[in-house]
Amino acid sequence: MHYAAWFAETGFIGVGSHVDLPCISHEDLPNRPDDGSFLGCYNQAWIITEAEAASYERLNRQRQNERDLAQKAAQDAYNAKIADFDTGYENCKKQFESWTVTDVKQKQGDLFAEHTFVLHGKEFSFVERDLHDLGFVINPMYRIDPDSTASGYLTCDDTGAKVWCVNGSRYIPLSEDEALCVNAICQYGKFVNSSIRM
């Protein structure tokens, strides 16, 4: 077999086994001109000593260990967050005689779920929505204002307090029981972490 003159001097052909070093990057390569390239694609190759090979393997193991530790710490933090959420949710449910939530449903691109609370012998029902251009919304499933056919929606007044808004301009304070229900949805609802979809 005949090779081009340049390949005879600087061309490499892979034979035998190899060692994967996923944590070694291009920046770690020898700071000297390469010794050639492998056949088949543009690349650079260096002939390294046994000592250099051992150094790369140690560096790869060190970085892999650091990566594994970081992933474990992130997973532990996530698991702790989930456990805290579950504990908080169970404690929140204890405020009510019952709290039921329907499965998420979809209508014309919007998502919604219904929450029904029983508190002090009274039933309170709300629709939690994830609206396409608005995001997280809570509507009572009953009339807040007897003089209006609109059910209203949850918003905040100028002081930051949660209130019902009816007809886009009239604000009605939440009762203590309504506030407990609404705060539960705001903390543990289906769409509390939803962002506005445009």
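Structure: see above.
Owing to the predicted nature of the structure, the values given are computational and were not obtained by experimental measurement.

Trainee: Lay out the overall build of the chain with the relevant residues and their values.
Mentor: In terms of helices and strands, the chain carries three helices and ten strands. When its helices and strands are written in sequence order, the chain yields α-β-β-α-β-β-β-β-β-β-β-β-α. By the compact-globule yardstick of 16 Å for 198 residues, the chain is too spread out, its C-alpha radius of gyration being 31 Å. When each of the 198 residues of the chain is scored for burial, the buried share is 27%. Total accessible area on the chain is roughly 13800 Å²; 53% of this is exposed by carbon and sulfur atoms. Distance between charge centres in the chain, computed from 18 positive and 30 negative side chains, equals 5 Å.

Trainee: Tell me what's going on with the side chain of Asn60, and back it up with residues and numbers.
Mentor: Take Asn60: it is sitting in helix 2 (residues 50–93). Under the relative-accessibility criterion, Asn60 is labelled buried at 9%. Contact partners of Asn60, with chain neighbours within four places excluded, come to Asp20, Leu21, Pro22, Cys23 and Ile24.

Trainee: So what's going on with the pairing of strand 6 (residues 122–131)? Which residues, and what values?
Mentor: Across the ten residues that make up strand 6, a large majority, seven, are buried. By the bridge criterion, nine bridges tie strand 5 (residues 110–119) to strand 6 in an arrangement that is antiparallel. Directly across from Ala113, in strand 6, lies its bridge partner Glu128. Here strand 5 folds back onto strand 6, and the loop between the two strands holds two residues, one of which, His120, carries a positive phi near 55 degrees. For strand 6 and strand 7 (residues 135–140), the ladder comprises six bridges, and the chain directions are antiparallel. By the bridge assignment for strand 7, Asp130 is matched with Phe136. Between the antiparallel neighbours strand 6 and strand 7 lie three residues.

Trainee: With reference to specific residues and values, describe the pattern of salt bridges.
Mentor: For the structure on display, the rule yields four salt bridges. The shortest N-O distance in the salt bridge between Arg170 and Asp145 comes to 2.2 Å. Of this pair, Arg170 sits in strand 10 (residues 170–173) while Asp145 sits in the loop between strand 7 and strand 8 (153–156); the two residues are 25 residues apart in sequence, bridging distant segments of the chain.

Trainee: With reference to specific residues and values, describe the sheet that holds strand 10.
Mentor: Spatially, 8-9-10 is the arrangement adopted by the three strands of the open sheet, whose pairing is antiparallel. Of all the strands in the sheet, the pair left with one neighbour each is strand 8 and strand 10. Sheet twist, expressed as the average angle between the axes of neighbouring strands with direction ignored, equals 45 degrees. Alignment of strand 9 (residues 162–166) against strand 10, held across four bridges, turns out to be antiparallel. Paired with Val166 across the strands is Arg170, a residue of strand 10. Along the sheet face, helix 3 (residues 176–188) touches strand 8, strand 9 and strand 10 and points at about 100 degrees away from the line of strand 9.

How each quantity is defined
- Residues numbered from 1 in each chain as written.
- Predicted model: local features only at pLDDT ≥ 70, side-chain atom pairs only at ≥ 80, totals over all residues.
- Heavy atoms only, no water.
- Helix = DSSP H or I, 4+ residues; strand = E, 2+ residues; numbered from the N terminus.
- Rg over C-alpha atoms; globule rule 2.2 N^0.38 Å.
- Buried < 20%, exposed > 50% of the residue type's maximum accessible area, 1.4 Å probe, protein only.
- Areas by Shrake-Rupley, 256 points an atom, 1.4 Å probe, with all protein chains shown as cover.
- Lys, Arg positive; Asp, Glu negative; His and termini not counted.
- Charge placed at Lys NZ, Arg CZ, Asp CG, Glu CD.
- Contact = heavy atoms within 4.5 Å.
- Pairing = 2+ DSSP bridges.
- Salt bridge = Lys/Arg side-chain N within 4 Å of Asp/Glu carboxyl O.
- Axes fitted to C-alpha atoms, helices over the stretch in contact; angles between N-to-C directions.

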